[in-house]
Amino acid sequence: MTILVATHPAFERHDTGPGHPERPERLMAVRRGLEASGVRDAFVYIEAEPAPLEAIQAVHPGRYVQALSELTAAGGGWIDGDTVVVEESYEAALLAAGAGLDVARRLQAGEADAGFCAIRPPGHHATPTRSMGFCLLNNVAVTARYLASAGDRVLIVDYDAHHGNGTQDVFWADPQVVYVSLHEYPLYPGTGAMDETGDGAGAGATINFPLPAGATGDVYRRAFDEVLAEQLERWKPDWLLLSAGFDGHTRDPLTGLGLAAGDFADMTRWLQRFVPPGRTIAFLEGGYDLEALTNSVASSVAALVDVNTRPEPATSGGPGAHVVDAVLRRRELLMVDPLPKPVAAPTPAPKASPATSADERRGAGEGTTSPASGH
Ligand SMILES: [Zn+2]
């Protein structure tokens with residue numbers, strides 16, 4: 001078995017300054033996790049390459065990338081209360097966005113069984129036009145867009161404790177990419193309510209599980225078994241991209257969820273059965289307790305090749321089952337099951353289809369309350 005591990009020394013030169021939780025030491029903790037995974041012999045390390053501008057602009061159009069380049073070239077500074085850049089941050093952002101593209105191409109060529117992108121800055125809060133929440137470019141979205149534009153069906157599962165508002169925005173009306181997020185709610189950035197389910201041709205293709213603080217692994221399992229399994233078996237995603245944030249760990253200083261390393265491994269294993277072999281890529285997102293990060297990476301990376309490494313067991317007994325049940329009832333009542341039919345490549349602009357009136361009515365209503373960026 002072979003796991004591509006994409007990383008780059010430049011990620012540690014994205015220096016967020018003293019006291020910032022999203023700090024270079026996180027990648028050292030990730031490396032310790034890789035070492036402790038029990039599958040070191042499976043690793044093939046690749047040095048990330050910068051994403052081509054064209055691939056980035058398929059997610060971040062207009063002047064956004066240029067503005068980021070200019071800000072960093074001028075020495076950087078704070079973009080918002082959480083997000084700060086230095087001169088070296090631009091290179092790190094391009095490399096973080098490019099890591100997944102390289103891994104995806106190598107998996108397409110049959111070079112490995114799975115991929116893990118040990119990258120920073122993280123990406124899932126970055127909207128098409130805005131950096132926020134420690135994120136500059138939306139790394140997982142750049143790879144998802146690349147794969148979807150070639151006609152593949154892409155499943156993104158985001159188990160970071162925060163809602164991936166940026167990823168949701170990018171694929172809000174896209175039937176080719178299903179975005180599933182399990183996150184603590186309410187919590188930064190404030191989006192990810194149950195009624196945020198996509199719009200237009202992508203109506204129903206966004207699935208949010210806004211979980212209460214304290215939620216444990218059995219709640220996640222319930223979400224996969226009760227809501228996702230049947231739909232994904234029918235939708236048959238070609239790819240699984242994991243927004244692998246480990247800040248849902250019970251020891252994380254920024255969040256209140258109740259997960260442990262064993263839960264992240266379980267999620268990886270459950271989800272991989274929905275895609276063909278060699279079609280899973282994990283992208284590092286959050287995770288701010290270094291020991292929790294080490295253990296969680298060790299466990300999850302081993303799970304990519306179905307090896308059971310458990311520095312901490314899975315958890316159960318926390319609250320949140322009622323949220324899963326409500327998501328299921330809501331989808332049944334609104335008749336948004338099954339997931340929308342993907343369109344042929346290339347992905348067209350979202351447009352209303354007269355054939356799916358129930359979905360469209362729902363989508364139109366939700367468009368008025370769509371989670372605009374800016375939380
Ligand atoms: Zn997070």
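Each remark here, short or long, concerns the structure printed above.
Calculation notes
Residues numbered from 1 in each chain as written. Predicted model: local features only at pLDDT ≥ 70, side-chain atom pairs only at ≥ 80, totals over all residues. Core = buried A, V, L, I, M, F, W, Y, C linked by C-beta atoms within 7 Å. Buried ≥ 20, exposed ≤ 12 C-beta atoms within 10 Å, placed from the backbone. Helix = DSSP H or I, 4+ residues; strand = E, 2+ residues; numbered from the N terminus. Contact = placed C-beta atoms within 7 Å. Expected span 1.5 Å × (residues − 1). Arc of directions from axis to C-beta. Pairing = 2+ DSSP bridges. Right-handed = clockwise from strand over helix to strand, strands pointing away.

Caption draft 1: Main features of the nonpolar core. In terms of nonpolar packing, the biggest core is built from 113 residues, with Ile-3, Cys-117, Ile-156, Leu-241 and Phe-283 touching the most fellow members. Tallying contributions element by element places helix α4 (residues 89-108) first for this core, with 12 residues. For Ile-156, the residues in contact, after removing those within four places along its chain, are Val-140, Ala-144, Thr-167, Val-177, Tyr-179, Val-180, Leu-241 and Ser-243.

Caption draft 2: Quick peek at helix α10 (residues 321-334). Along its 14 residues, α10 runs 20 Å from first to last C-alpha, staying within 8% of the 20 Å computed at 1.5 Å per residue. Among all positions of α10, only Val-323, Val-324 and Val-327 are buried. Each buried residue of α10 sits inside an arc of 105 degrees when the element is viewed along its axis, so together they form one side. What points out from α10, more than 90 degrees from its buried face, is the exposed set His-322, Arg-329, Glu-332 and Leu-333. Tucked inside the fold, the buried residues of α10 contact β8 (206-211) and α7 (217-235).

Caption draft 3: Expanded view of the pairing of strand β9 (residues 239-244). Counted residue by residue, β9 has six buried out of six residues, so it is predominantly covered. Residue alternation in β9 divides its side chains into two sets, Trp-239, Leu-241 and Ser-243 and Leu-240, Leu-242 and Ala-244, and both sets are buried. Bridging between strand β6 (residues 154-158) and β9 involves five bridges; their strand directions are parallel. Directly across from Ile-156, in β9, lies its bridge partner Leu-241. Where the polypeptide runs from β9 across helix α8 (residues 261-272) and back to strand β10 (residues 280-284), its parallel neighbour, the crossover connection is right-handed.

Caption draft 4: Main features of helix α3 (residues 64-73). By the burial criterion, the buried members of α3 are Tyr-64, Val-65, Leu-68 and Thr-72. Considered in projection along α3, the buried side chains sweep an arc of 100 degrees and stay on one side of the axis. Every exposed residue of α3 that faces more than 90 degrees away from the buried side is listed here: Gln-66, Glu-70 and Ala-73. Packed against the buried residues of α3 are α2 (53-57), β4 (84-85) and α4. Directly after α3, the chain includes Gly-75, whose backbone phi takes a positive value near 110 degrees.

Caption draft 5: Region of interest: the environment of Pro-186. Residue position: Pro-186 is located in the loop between β7 (177-184) and β8. We classify Pro-186 as partly exposed; it has 14 C-beta atoms within 10 Å. The spacing of Pro-186 and His-162 is 24 residues in sequence and 9.2 Å in space, taken between C-alpha atoms.

Worth remembering: the numbers are spatial, not functional.
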